[in-house]
Amino acid sequence: MKRISFFSWSLMLAVLVLGLVMAGCSEDEEDAFDKTLILGSWSNKTIKTEGDTKVTIEVVYSFYANGTASQRVLVTMSYGTFIEDYVMEDVTNHYTYIYNKNSTVTFTNQKNETWAYEVSVSGNKMRLGNQEDGYWDLTKKL
């Protein structure tokens, strides 16, 4: 029987360890992308006016470094000088997310439902969405 040298043993051990390390990475970890580009809060505000009535819809997406995100939808109404910024709806949804190398964000909600949105960032502007749900043109909040 032939003896295996120390170098051969070391090489086999290194290959085995490398294989185990690579097998330990999930597909999500391999696809994960540097999320610093999207961190922070991004908003879109739409104002609709009809006569003395003004309805403001603000949507704010916030991305956090710990892989969580939120979406807040705030709808307010004003009527002339009688009613100012009456809150009609104020809802915040919470998600986890993965920012992927293919410029998409995969969201998972609290019911474990997932979906992906395309994302592009240029300076303080972000476009987020997909063909099915539509797109948000967002501005980074300071």
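Structure shown above.
The text that follows walks through the structure, step by step, so that each part is easy to find.

Parameters and conventions
Residues numbered from 1 in each chain as written. Predicted model: local features only at pLDDT ≥ 70, side-chain atom pairs only at ≥ 80, totals over all residues. Heavy atoms only, no water. Helix = DSSP H or I, 4+ residues; strand = E, 2+ residues; numbered from the N terminus. Buried < 20%, exposed > 50% of the residue type's maximum accessible area, 1.4 Å probe, protein only. Contact = heavy atoms within 4.5 Å. Areas by Shrake-Rupley, 256 points an atom, 1.4 Å probe, with all protein chains shown as cover. Pairing = 2+ DSSP bridges. Polar contact = N/O pair within 3.5 Å; in protein donor to acceptor, adjacent residues only side chain to side chain. Salt bridge = Lys/Arg side-chain N within 4 Å of Asp/Glu carboxyl O.

## Digging into the overall build of the protein chain
Helix and strand counts for the protein chain stand at two helices and eight strands. Secondary structure elements in the protein chain, listed N-terminal to C-terminal, are α-α-β-β-β-β-β-β-β-β. Across the 142 residues of the protein chain, 25% fall into the buried class. Within the protein chain, residue pairs in contact and separated by at least 24 positions form 36% of the contacts whose partners lie at least 6 positions apart. For the protein chain, the accessible surface area stands at approximately 10300 Å², while carbon and sulfur atoms represent 56% of it.

## Concerning the pairing of strand β4 (residues 83–99)
Two strands pair when backbone bridges link them, and strand β3 (residues 68–79) and β4 are joined in this way by 11 bridges, in the antiparallel orientation. What sits directly across from T68, in β4, is T96. Here β3 folds back onto β4 in antiparallel fashion, the turn holding three residues, of which G80 has a positive phi close to 50 degrees. In the sheet, β4 pairs with strand β5 (residues 104–108) via four bridges, with the strands oriented antiparallel. Each bridged residue has a counterpart across the sheet, and for Y97 the counterpart in β5 is F107. What sits between the antiparallel neighbours β4 and β5 is a turn of four residues, in which S103 has the positive phi angle 60 degrees.

## Focus: the side chain of N44
Summarising the element assignment, N44 is placed in strand β1 (residues 40–50). By relative accessible area, N44 is classed as buried at 17%. A polar atom in the side chain of N44 sits 3.3 Å from the side chain of T46. Not counting the four nearest positions on each side in its chain, N44 is found in contact with I57, E58, V59, W136, D137 and L138.

## Structural notes on the pattern of salt bridges
This model, assessed by the stated rule, comprises three salt bridges. A salt bridge links K141 to E58; its shortest N-O distance comes to 3.6 Å. Of this pair, K141 sits in the segment after β8 (134–140) while E58 sits in strand β2 (residues 53–63), placing them 83 residues apart in sequence. Note that R127 is salt-bridged to D137, the shortest N-O span being 2.9 Å. Within this pair, whereas R127 is found in strand β7 (residues 125–130), its partner D137 is found in strand β8, the two being separated by 10 residues in sequence. Of the residues examined, R127 reaches a relative accessible area of 36% and is grouped as partly exposed.

## Quick notes on the environment of L74
Relative to the helices and strands, L74 resides in strand β3. Since its relative accessible area comes to 18%, L74 is described here as buried. Sequence separation between L74 and M88 is 14 residues, and the spatial gap between their C-alpha atoms is 7.8 Å. In this structure, L74 is in contact with T56, I57, E58, V87, E89 and D90, ignoring residues within four places of it in sequence.

Geometry only, nothing functional implied.
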